[in-house]
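These are the residues of each chain, in order.
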Amino acid sequence: MLDTSMMILGAGAGGFNVGDMLAQLIIFIVLLVLLKKFAWGPIMNMMKERETHIASEIETAEKNRQEAERMAKEAQEELKNTRNEAQQIIENAKQTAKEQEQAILQSARAEAERLKESALQEIQQEKENAVQALQDQVAALSVKIASKVIEKELSEQDQEKLINEYLKEVGEGQ
Amino acid sequence: MDHKNPMWNDPFGISWLDFNLSNIAMMLVASTIVFIVATLAARNLQRKPTGLQNFMEWLIDFVKGIIDSTMDWNTGKRFLPLGLTLIFYIFVANMLGVITIVSFDHYLWWKSPTSDPSITLTLAAMVVILTHYYGIKLNGVKEYGKGFFQPMWFLFPLKLIEEFANTLTLGLRLYGNIFAGEVLLGMLAALMTSGAFGAIGGALPMLAWQAFSTFVGAIQAFIFTMLTMVYMAHKVSHDH
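Residues numbered from 1 in each chain as written. Chains lettered and ligands numbered in written order. Predicted model: local features only at pLDDT ≥ 70, side-chain atom pairs only at ≥ 80, totals over all residues. Heavy atoms only, no water.

A. A look at the overall build of chain B. On a plain count of helices and strands, chain B comes out with seven helices and four strands. Along chain B, helices (α) and strands (β) appear in the sequence β-β-α-α-α-α-β-β-α-α-α when read from the amino end. Principal-axis analysis of the C-alpha atoms places the extent of chain B at approximately 65 × 55 × 40 Å. Buried residues in chain B amount to 46% of all 240 residues. The contacts of chain B with a sequence gap of at least 6 include a subset with a gap of at least 24, amounting to 68%. Per element, the accessible surface of chain B, about 11,800 Å² overall, is 71% carbon and sulfur. Here chain B carries 14 positive and 14 negative side-chain charges, and the mean point of each set is 11 Å from the other. (Helix = DSSP H or I, 4+ residues; strand = E, 2+ residues; numbered from the N terminus. Buried < 20%, exposed > 50% of the residue type's maximum accessible area, 1.4 Å probe, protein only. Contact = heavy atoms within 4.5 Å. Areas by Shrake-Rupley, 256 points an atom, 1.4 Å probe, with all protein chains shown as cover. Lys, Arg positive; Asp, Glu negative; His and termini not counted. Charge placed at Lys NZ, Arg CZ, Asp CG, Glu CD.)

B. The arrangement of the overall build of chain A in detail. When helices and strands are tallied, chain A shows two helices and zero strands. Relative to the globule expectation of 16 Å for 174 residues, the C-alpha radius of gyration of chain A, 69 Å, shows a markedly less compact shape. Projected onto the principal axes, the alpha-carbon positions of chain A cover approximately 210 × 40 × 15 Å. Across the 174 residues that make up chain A, the buried fraction comes to 11%. Entry remark: accessible area of chain A is about 14,600 Å², with carbon and sulfur atoms responsible for 58%. In chain A, which carries 21 positive and 31 negative side-chain charges, the distance between the mean positions of the two groups comes to 9 Å. (Rg over C-alpha atoms; globule rule 2.2 N^0.38 Å.)

C. Here's a closer look at a nonpolar patch on the surface. Residues and elements named next belong to chain A. A contiguous nonpolar patch, built from Leu22, Leu25, Ile26, Ile29, Val30, Val33, Leu34 and Phe38 and spanning about 640 Å² of accessible area, is present on the exposed surface. Along the chain, Leu25 turns up in helix α1 (residues 18-153). The exposure class of Leu25 is partly exposed, given its relative accessible area of 30%. (Patch = residues over 30% accessible without salt bridge, like charges linked within 9 Å, V, L, I, M, F, W, Y side chains within 5 Å. Salt bridge = Lys/Arg side-chain N within 4 Å of Asp/Glu carboxyl O.)

D. Region of interest: the environment of Leu174 of chain B. Residues and elements named next belong to chain B. When you line up the elements, Leu174 lands in helix α6 (residues 156-192). Placed 58 residues apart in sequence, Leu174 and Asp116 show a C-alpha to C-alpha distance of 9.4 Å. Leave out the neighbours within four places in its chain, and Leu174 touches Ile90, Asn94, Thr114, Thr120, Gln220 and Phe224.

E. Just the pattern of salt bridges, in detail. Residues and elements named next belong to chain A. Under the criterion given, the structure shown has seven salt bridges over all chains. In this structure, Arg114 engages Glu111 in a salt bridge whose closest nitrogen and oxygen atoms are separated by 2.9 Å. Of this pair, Arg114 and Glu111 both sit in helix α1, three residues apart, which is roughly one turn of that helix. Glu111 sits in the partly exposed class, given a relative accessible area of 38%. Through salt bridges that share partners, Glu62, Arg65 and Glu69 make up one connected network.

F. Structural context of helix α4 (residues 80-99) of chain B. Between its first and last C-alpha atoms α4 of chain B spans 28 Å; for 20 residues at 1.5 Å apiece the expected length is 28 Å, and the two agree. Of all 20 residues that make up α4 of chain B, 18 are buried, and the element is covered over most of its length. (Expected span 1.5 Å × (residues − 1).)

G. The arrangement of a positive patch on the surface in detail. A grouping of Lys48 of chain A together with Lys77, Arg78 and Lys137 of chain B is seen on the molecular surface, where their side chains present a positively charged patch. Mapping Arg78 of chain B onto the fold places it in the loop between α3 (73-76) and α4.

H. Focus on the packing of aromatic side chains. In this structure the tally under the stated criterion is 15 aromatic pairs over all chains. Centroid distance Tyr175 of chain B to Phe179 of chain B: 5.4 Å. Interplanar angle 20°. Geometry classified as stacked. Here Phe179 of chain B and Tyr175 of chain B lie together in helix α6, a separation of four residues that amounts to about one turn. In this structure Tyr175 of chain B comes out as buried when scored by relative accessible area, which is 16%. According to the relative accessible area criterion, Phe179 of chain B is buried, its value standing at 13%. Aromatic pair Phe212 of chain B and Phe215 of chain B: ring centres 6.2 Å apart, planes at 40°, arrangement tilted. With a gap of three residues between them, Phe212 of chain B and Phe215 of chain B both fall in helix α7 (residues 196-236), about one helical turn apart. Using a relative accessible area of 39% as the deciding quantity, one classes Phe212 of chain B as partly exposed. A relative accessible area of 49% means that Phe215 of chain B is categorised as partly exposed. Feature note: the residues Phe55, Trp58, Phe62 and Phe222 of chain B constitute an aromatic cluster, connected by ring pairs. If you follow Lys37 of chain A out to its NZ or CZ, it ends over the ring of Phe38 of chain A, 5.5 Å from the centre. (Phe/Tyr/Trp six-rings, centres within 6.5 Å; stacked < 30°, edge-to-face > 60°. Lys NZ or Arg CZ within 6 Å of the ring centre and 35° of its normal.)

I. Quick peek at the interface of chain B and chain A. Listed as interface residues are 55 residues of chain B and, on the opposing side, 39 residues of chain A. Counting the surface chain B buries against chain A, the share from its top three residues, Phe35, Arg47 and Thr85 of chain B, is 14%. On inspection of chain B and its partner chain A, the count reaches one salt bridge. We note a salt bridge from Arg50 of chain A to Glu57 of chain B, for which the minimum N-O separation is 2.7 Å. Viewed at the interface, chain A and chain B are joined by five residue pairs in polar contact (both at pLDDT 80 or more). Sorting the residues of the side of chain B that touches chain A by element identifies β2 (18-20), α1 (21-42), α2 (51-70), α4, α5 (117-146) and α6 of chain B as the ones contributing at least two each. (Buried area = accessible area lost by both parts, 1.4 Å probe. Polar contact = N/O pair within 3.5 Å; in protein donor to acceptor, adjacent residues only side chain to side chain.)

J. Fine view of the side chain of Lys159 of chain B. Residue and element names in this part refer to chain B. Locating Lys159 in the fold gives a position in helix α6. For Lys159, which is buried and forms no salt bridge, the nearest opposite charge comes from Glu162, at a distance of 4.4 Å. If sequence neighbours within four positions are ignored, Lys159 has contacts with Gly147, Phe148, Gln150 and His234.

K. Looking closely at the packing of α4 of chain B against α6 of chain B. All names here are of chain B. Interhelical geometry of α4 versus α6 gives an angle of 20° and a closest axis separation of 9 Å. Compared by their axis directions, α4 and α6 come out roughly parallel. The two elements α4 and α6 meet at a crossing, and its hand is right-handed. When α4 is examined against α6, the residues Ile90, Asn94, Gly97 and Val98 are found in contact with a partner set consisting of Leu174, Ile178, Glu182 and Leu185. In terms of residue class, the contact of α4 with α6 is built from five nonpolar, two polar and one charged. (Axes fitted to C-alpha atoms, helices over the stretch in contact; angles between N-to-C directions. Parallel < 35°, antiparallel > 145°, perpendicular 65-115°, else oblique. Left-handed = near helix turned anticlockwise from the far one by under 90°. Nonpolar A, V, L, I, M, F, W, Y, C, P; charged D, E, K, R; others polar.)

Below, the structure is given as structure tokens:
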């Protein structure tokens, strides 16, 4: 069973067969060319394509990230501005309100003053009128009383005398 | 159990041309398997790889790593298809003999094509000639010629011998490993067919040796490719 011929299994004649060598060379070169065309080429192209695809994806992602960051910053800025503006508006409103309040108060005060003034003036006028009327009435009354008193006590001669006196007086007054 | 090679001597009356038909057949089988697997992987390529495409891309990255470790990628990338074809073809060829060995009518038909020295030496010679070709192509004749006299001029004979030694060792290493594996497999197979005891006793060693042969076949394919790239780098790189 385990004879010596087993030992040279495959070695065959042990010689170099030129035919085998040529065949191997040709077969290998043909295989190389075919594989390059049908297998390695396409696979390597795909790998390269994937590489560029990934690179571009990463680039896009990076760009998007930067864009988002920029936008966020912008929004932040906008928000800050808006807040400031709102603050400003509130401040302004407060200021305006205060001013208005002041103005209203002032005008009210002035109005009151004016009203008071006119009221006082009216009172004065009324008082003067009343005094005038009283004076007139007092004069008339006293004349009436006097005439009554005089009428009762004056005699004929006295009356005459008095009239003359008056007439004289009038004449002197002219 | 006397194995003979199915020879086709002196075809068409050409006396120096002999064919070992089993070698030719096995070469064709190995090449066909490699071609079919590779083209299957390259069919329906997707950006998001699956299955066989993944394996092929791993292989490509692996060979790329081999080339990267010996020379810079700019000069090395042109050798990627060569390295890929070498590693894949040699691996498949090695595996053919591990799977089974078939002899028919005392003629040995199914074996590893790489268990024949003329085939491995052909591959080795092809590689070495390619290194010279690319050495001249990429560095120019002057630079290429100078390589033989560096680092010292008197080392020229050694350099000359080195080229042949490289070819011989590259080819014979592969042949030796695969052939030895097949011899032992053949002996174990013979043991197992010799009787009941032989079958029981030989089963475990057979299993172990097949596993080891698979390992050796893969390693040898890797080493062959690695050394190809090393020799190539030696010739095409400017400073070494």
